[in-house]
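Notes for the structure review
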2 protein chains.
Amino acid sequence: MTIANRKERQKEELRSKILEVAKELFIERGFEETSIRNIAERIEYSPTTIYLYFKDKDDIFYALHQEGFILLNQYFRVLQNVEDPFERLKAINRAYIDFALENREFYDLMFISRSPMNALNRDDEKWEEGNKAFGALFGTVNECIQKGYFKGMDPEILSFTCWSMVHGICALEVRGRCSVISEANLENLSHKSAAMVIEMLDRMHLDRPQ
Amino acid sequence: MTIANRKERQKEELRSKILEVAKELFIERGFEETSIRNIAERIEYSPTTIYLYFKDKDDIFYALHQEGFILLNQYFRVLQNVEDPFERLKAINRAYIDFALENREFYDLMFISRSPMNALNRDDEKWEEGNKAFGALFGTVNECIQKGYFKGMDPEILSFTCWSMVHGICALEVRGRCSVISEANLENLSHKSAAMVIEMLDRMHLDRPQ
DNA sequence: TATTTTACTTTACACCGTTAAGTAAATTAT
DNA sequence: ATAATTTACTTAACGGTGTAAAGTAAAATA
């Protein structure tokens with residue numbers, strides 16, 4: 001069955017090649033400016049060949065968005081060594097923002113663009129990548145609560161709120177809405193704002209005076 | 001000059017009509033699915049006529065995004081009567097989220113979509129609408145600081161952080177990333193999270209214990 | 001050797017934003 | 001009153017898009 005194996009392998013290789021050049025292109029010129037025909041040209045196959053490997057354009061970008069999550073998990077993985085869950089929570093926030101700033105197109109695809117979500121909704125599947133990444137945050141928040149942090153707060157809402165705080169920073173940055181900020185503060189704006197968010201978290205878990 | 005006036009008026013009317021049906025269409029079927037040709041068909045003019053009134057598609061959506069800001073300001077205006085700046089700040093956050101949830105397509109256009117920003121960058125103009133809306137927030141935050149709230153924090157970074165916190169909630173909601181949340185919490189998620197953000201603000205301005 | 005399957009291409013459809021050239025009516029100038 | 005020009009629009013066209021249907025040559029199987 002070695003011939004069939006080779007064929008299988010070659011199919012897999014072409015599929016990978018499609019994703020590889022799709023990634024190249026969408027990092028080069030942004031995801032919205034990457035067309036099936038561009039990809040086809042670069043892999044030196046006809047455009048319709050791509051449809052033998054992916055259902056549609058959204059399906060390609062769904063696959064790339066999965067790659068993005070693998071990359072994001074690499075940013076997170078080292079943080080599993082941080083013992084204190086609250087310190088880990090803060091580190092996750094910082095890592096998330098670093099990921100967004102260092103991989104803008106991926107970030108856009110994963111958390112802003114509609115394309116990969118269309119691929120899911122098409123055959124109404126669950127957003128597993130999102131669930132898993134959120135799960136990591138959720139777990140850390142739960143640990144925090146178990147250790148007495150954030151007394152009386154709903155862990156899931158708190159997790160979502162943590163996420164949305166850093167997402168807000170990244171989304172405004174990635175989609176070019178930060179021009180309202182003065183030049184002095186524009187430098188490292190995301191990190192400055194992230195520091196403030198983290199200070200808020202710091203104050204959240206302290207018992208309220210009075 | 002009454003004939004020239006009438007002509008002027010009629011031109012203005014067609015311009016308004018274009019924006020009117022563009023708005024209809026983009027609220028009906030979303031902004032990305034609204035084409036120049038769709039608009040042309042509905043106003044019963046040829047597609048190219050639209051280019052006599054707007055430079056390009058982005059220019060149309062820039063104009064609509066301006067309308068969105070007028071609408072947002074209506075949500076904000078009543079809040080100018082709130083005496084206490086800190087209460088006003090919290091009310092602004094709530095109003096912002098209400099606006100986003102009640103006018104999703106507008107929100108998308110104003111704070112997520114690239115289209116209106118392209119129109120600005122084309123003739124490198126400033127984002128006046130954004131500046132003005134942010135200015136209102138910034139002013140309120142400054143008042144807060146003047147009254148002793150948020151001691152020692154940078155007002156601009158704090159304003160941006162307030163904005164990004166609520167934007168994060170709205171952007172995740174509008175772009176369909178909330179499916180990671182359990183059904184129980186999915187109901188009114190944005191408002192629940194907003195309440196938590198506001199609680200964070202409440203705790204921010206208290207002097208740190210110890 | 002004949003048949004079927006595989007992997008791909010060609011062609012085509014129905015859209016898209018946008019530009020260039022053409023046109024009929026209204027206005028202005030002579 | 002007639003000719004020239006401007007106005008407001010349309011038709012035609014260019015070069016792009018995603019995607020489906022039909023065709024094809026080679027390989028695998030019968």
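I will try to describe carefully the structure that is included in this document. What you are looking at is a predicted structure, and each value in this text was computed from that prediction instead of being measured.

Notes on the state of the cysteines
Residues and elements named next belong to chain B. On inspection of all chains with the given rule, the structure shows zero disulfides over all chains. Free cysteine: C162, not disulfide-bonded; nearest cysteine sulfur from C144 at 8.3 Å. Its relative accessible area of 0% is what places C162 among the buried residues. The closest cysteine sulfur to the non-disulfide-bonded C178 is located on C170, 9.9 Å from its own sulfur.

Re the protein's contact with DNA strand D
If you check the shell around DNA strand D, you find 19 residues, and the closest are R37(A), T48(A), Y51(A), T49(B) and Y53(B). Sugar and phosphate atoms form 53% of the subset of DNA strand D atoms that lie within 4 Å of the protein. A distance of 2.9 Å separates a phosphate oxygen of DNA strand D from a polar atom in the backbone of I36(A). Within the contact set of DNA strand D, a phosphate oxygen lies 2.5 Å away from a side-chain nitrogen or oxygen of Y53(B). Looking at the surface near DNA strand D, the elements with two or more residues in it are α1 (2–29) and α2 (36–43) of chain A together with α1 (2–29) of chain B. Ranked by residues supplied to the surface near DNA strand D, first place goes to α2(A) with three residues. The residue inventory of the surface near DNA strand D, partitioned by class, reads seven nonpolar, six polar and six charged.

Observations regarding helix α8 (residues 155–174) of chain A
All names here are of chain A. For α8, which comprises 20 residues, the first-to-last C-alpha distance of 28 Å matches the rise-based estimate of 28 Å (1.5 Å per residue) to within 8%. Along α8, 18 of the 20 residues are buried, which leaves the element largely enclosed by surrounding structure. Here α8 starts with a cap whose side-chain oxygen sits 2.9 Å from the backbone nitrogen of E156, and that cap is D154.

Brief notes about the environment of Q74(B)
All names here are of chain B. Mapped onto the fold, Q74 is located in helix α3 (residues 57–77). Overall, Q74 belongs to the partly exposed group, its relative accessible area being 42%. When the C-alpha positions of Q74 and F99 are compared, they lie 9.5 Å apart, and in sequence the two are 25 residues distant.

Notes on the interface of chain A and chain B
Contacts between chain A and chain B engage 54 residues on the former and 54 residues on the latter. Interface area lost by chain A to chain B is led by R114(A), R177(A) and R203(A), which between them contribute 16%. Put simply, chain A and chain B have four salt bridges between them. A salt bridge links R114(A) to D108(B), with the shortest nitrogen-to-oxygen separation between them at 3.1 Å. In this structure, the connection of chain A to chain B is made through 21 residue pairs in polar contact (both at pLDDT 80 or more). Secondary-structure elements contributing two or more residues to the side of chain A that touches chain B are α5 (104–111), α6 (115–122), α7 (128–146), α8 and α10 (189–204) of chain A. In terms of residue count, the dominant contributor to the side of chain A that touches chain B is α8(A) (14 residues). Residues of the side of chain A that touches chain B, tallied by class, amount to 29 nonpolar, 13 polar and 12 charged.

Conventions we followed
- Residues numbered from 1 in each chain as written.
- Chains lettered and ligands numbered in written order.
- Predicted model: local features only at pLDDT ≥ 70, side-chain atom pairs only at ≥ 80, totals over all residues.
- Heavy atoms only, no water.
- Disulfide = S-S within 2.5 Å.
- Buried < 20%, exposed > 50% of the residue type's maximum accessible area, 1.4 Å probe, protein only.
- Near = heavy atom within 4 Å.
- Polar contact = N/O pair within 3.5 Å; in protein donor to acceptor, adjacent residues only side chain to side chain.
- Helix = DSSP H or I, 4+ residues; strand = E, 2+ residues; numbered from the N terminus.
- Nonpolar A, V, L, I, M, F, W, Y, C, P; charged D, E, K, R; others polar.
- Expected span 1.5 Å × (residues − 1).
- Contact = heavy atoms within 4.5 Å.
- Buried area = accessible area lost by both parts, 1.4 Å probe.
- Salt bridge = Lys/Arg side-chain N within 4 Å of Asp/Glu carboxyl O.

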